[in-house]
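Letter by letter, the chains look like this.
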Amino acid sequence: MPLFQAAASFSPSGDSFVSGARCVICGRRFDPAYLNNACVCPDHGDEGILDIEYDYEAASARFPASEQPGLWRYRALLPLPWTAPLPPPLTGLTPLYDAPALARAVNCARVLIKDDTRQPTGSFKDRASCLAVALARVQGAPVVATASTGNAAAALAGMAAAMHQTCVIFVPVSAPAAKVAQPLAYGAHVILVRGTYDQAFALCMEACRRKGWYNRNTAYNPCMAEGKKSAAFEIAEDMGWQTPDAVFVGTGDGCILAGLHKGFSDLLRLGRTARIPRLYGVQAEGSDFLCQAWEEGRRTAHAVLAKAPIAARTAADSICAGLPRDRIKAMRAVCESRGRFVRVSDTEILSAVPALARACGVFAEPAGAAPLAGLARAARQGLIAPGDTVCLVVTGSGLKDPGAVTAALSLPETVEGPVSVDPDPAALDDALFRLGLETKHSPFSSL
């Protein structure tokens, strides 16, 4: 059975609601069947990324599918045949928390935390990877592969292990050890590339072409943005089909930013919501390709494509990209939503790790805490109004990168270090006094 057929032929026992795909560079439209054999526009090579389109009127009656668990709840707006057997709902519906302390700190009405540290492998990337493995199974692909600085690697490895699918991961040698250990524990075949993430990406692309593997790389495979957009669906549904005024997300390749935009756009076209929130892509100052492009006025597809790569370096490895692979969609997301790109320093990002944890109990890796740093910077620049509701998308757990978290905790005035004591009551009394928890006349003094 072909993976995609026209939406007009859909029935509850038939295929998907996918109606076609469109090139983000030239706007050329392709029938659904084109996606059975290709991922990009033939006129633009690997840069000719496609947007998947749906028959929204037909999909409306089946969205959301309350009888379906997890990610499959939004199956009507996913590029998966309705007749395909569904794997287990490996990606759950992650929490949306209120963070009133953060709202007070930045002087806005409300701050919400979309906590994707609660995904099975600890990051937002599970959303795309679950869909990737399901699609690879439908196509009968022998192997599914991706390039990653760590989170996508772990996500694909975890989803593949659960579905008994062989996977190969291409990771630059600079990736944190914890992020390499996780896919190995899941049984993935890991190839450490002595080079940058961009070089690992290119090698993965070549391997998929030569071997006929299913290519999970976001910013090439258009179906991956469809998995990532599910976060926008969850945010809106948890808000009673309302949307925040602004959404902040850490941005490297631009894939998550693009996915969120696609999700909010789908909801608007479906008639579920009334607007698309302002989208803010938060970049580290050492990996700020999109910030530079924004400031240079490179806001069209051709203009952002013409910009040369930069030498990227940041402690937030998950948003480190010298040439963002999804730069066209990311720029479009910010422009169409009337948001912007926000540049923050590594010090601001690292300081946001304990700040986020203390404010709402969410422990994030640096890239996951970057949205808070971006919100603080945006608030100082007057970009957030007192009546705004803001959502921070926290994309990865602090357990992903213990080294970076340790660096964050060593910053001056960031956290209070541990106090050593001898094992006796008098020493404890003195320690509590130094911590500001007791006066000199504490009950321990009389013991």
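Relevant structure appears above.
In this report, we go over the structure that sits alongside the text. Values in this document were obtained by computation on a predicted structure and should not be read as measured data.

Of note, K329 is situated in helix 12 (residues 327-337). For K329, a relative accessible area of 5% puts it in the buried group. Only 2.9 Å separates the side chain of K329 from the backbone oxygen of L50, close enough to count as a polar contact. Those residues within four positions of K329 in sequence are excluded, and the remaining contacts are V24, I49, L50, D51, A225 and A258.

Among the nonpolar cores identified, the biggest contains 86 residues, and Y214 and L260 are the most heavily contacted of them. With eight residues, helix 3 (residues 126-139) is the largest single contributor of residues to this core. Residues contacting L260, with those up to four places away along its chain left out, are A231, A232, V247, V249 and V393. By size, the runner-up hydrophobic cluster in this structure holds 37 residues, among which are A284, V342, L350 and L356.

A complete count under the given rule lists zero disulfides for this structure. Of all cysteine sulfurs, the one in C26 lies closest to C23, which takes part in no disulfide; the gap is 3.7 Å. Note on C23: relative accessible area 4%, which makes it buried. The thiol of C204 is not disulfide-bonded; the next cysteine sulfur, from C208, is found 4.2 Å away. Overall, C204 belongs to the buried group, its relative accessible area being 0%.

It is at 8 Å that the axes of helix 4 (residues 151-162) and helix 5 (residues 177-185) come closest, and there the two elements cross at 15°. By the angle between their axes, helix 4 is roughly parallel relative to helix 5. Every pair of crossing elements has a handedness; the one defined by helix 4 and helix 5 is left-handed. Note on element contacts: helix 5 touches helix 4 through K179, Q182 and P183, opposite N151, A153, A154 and A157. The residue makeup of the contact of helix 4 with helix 5, split by class, is four nonpolar, two polar and one charged.

In any sheet, the strands associate via hydrogen bonds between backbone groups, in a parallel or an antiparallel arrangement. The strand order across the open sheet built from six strands is 4-5-13-10-11-12, with neighbouring strands paired in mixed fashion. Only two strands of the sheet have a single partner each, and these edge strands are strand 4 (96-98) and strand 12 (340-344). Strand-to-strand twist across the sheet, computed as the mean angle between neighbouring axes with direction ignored, equals 25°. Taken together, the four bridges between strand 10 (residues 246-250) and strand 13 (residues 389-394) define a ladder with parallel strand orientation. From the neighbouring strand, A246 faces strand 13, where its bridge partner is V390.

What the rule picks out here adds up to two cavities of 30 Å³ or more. Considered as a void within the structure, the largest cavity measures approximately 350 Å³ in volume. Lining the largest cavity are 30 residues, and of these K125, K228, D253, C255 and S318 sit closest to its centre. When contributions to the lining of the largest cavity are tallied by element, the ones reaching two or more residues are strand 6 (144-147), helix 4, helix 6 (197-211) and helix 9 (255-270). Here the lining of the largest cavity takes three residues from helix 9, the largest share from any one element.

Our focus in this paragraph is the pattern of salt bridges. Inspection of the entire model under this criterion finds 26 salt bridges. In this structure, the salt-bridge partner of D198 is R325, at a minimum N-O distance of 3.7 Å. With a gap of 127 residues between them, D198 in helix 6 and R325 in the loop between helix 11 (301-305) and helix 12 connect regions that are remote in the sequence. With a shortest N-O distance of 2.9 Å, D245 and R275 are connected by a salt bridge. With D245 in the loop between helix 8 (230-238) and strand 10 and R275 in the loop between helix 9 and strand 11 (278-284), this residue pair connects regions lying 30 residues apart in the sequence. Each of D46, E206, R209 and R210 takes part in a single network of salt bridges with overlapping partners.

To continue, consider helix 15 (residues 402-409). Those residues of helix 15 not exposed but buried are A404, V405 and A408. Projection of helix 15 onto a plane perpendicular to its axis shows the buried side chains occupying an angular sector of 100°, all on one side. Exposed and facing more than 90 degrees away from the buried side of helix 15 are G403 and T406. As for helix 15, its buried residues are in contact with helix 13 (346-360) and helix 14 (366-380).

Of note, the amide linkage connecting F63 to P64 takes the cis form, showing an omega dihedral of -10°. Inspection of the secondary structure puts P64 in the loop between helix 1 (56-59) and strand 4. Backbone geometry places W241, a non-glycine residue, at a positive phi of 60°. Structurally, W241 can be placed in the loop between helix 8 and strand 10.

Secondary-structure assignment places S345 in the loop between strand 12 and helix 13. Along the chain, S345 and A370 lie 25 residues apart, while their C-alpha atoms are 9.5 Å from each other.

Moving on: helix 6. Relative to the 21 Å expected for 15 residues at 1.5 Å per residue, helix 6 spans 21 Å between its end C-alpha atoms, a close match to the ideal helical length. All of the buried residues along helix 6 are Y197, D198, A200, F201, C204, M205, A207 and C208. With its phi angle positive at about 75°, G212 sits one or two positions after the end of helix 6.

Reading the values: rules and limits
- Residues numbered from 1 in each chain as written.
- Predicted model: local features only at pLDDT ≥ 70, side-chain atom pairs only at ≥ 80, totals over all residues.
- Heavy atoms only, no water.
- Helix = DSSP H or I, 4+ residues; strand = E, 2+ residues; numbered from the N terminus.
- Buried < 20%, exposed > 50% of the residue type's maximum accessible area, 1.4 Å probe, protein only.
- Polar contact = N/O pair within 3.5 Å; in protein donor to acceptor, adjacent residues only side chain to side chain.
- Contact = heavy atoms within 4.5 Å.
- Core = buried A, V, L, I, M, F, W, Y, C linked by side-chain atoms within 4.5 Å.
- Disulfide = S-S within 2.5 Å.
- Axes fitted to C-alpha atoms, helices over the stretch in contact; angles between N-to-C directions.
- Parallel < 35°, antiparallel > 145°, perpendicular 65-115°, else oblique.
- Left-handed = near helix turned anticlockwise from the far one by under 90°.
- Nonpolar A, V, L, I, M, F, W, Y, C, P; charged D, E, K, R; others polar.
- Pairing = 2+ DSSP bridges.
- 1 Å grid on protein atoms, 1.4 Å probe; cavity = no way out; pocket = protein on both sides within 12 Å on 5 of 7 lines; lining within 4 Å.
- Points joined across faces, edges and corners; volume = space filled by probe spheres on them.
- Salt bridge = Lys/Arg side-chain N within 4 Å of Asp/Glu carboxyl O.
- Arc of directions from axis to C-beta.
- Expected span 1.5 Å × (residues − 1).

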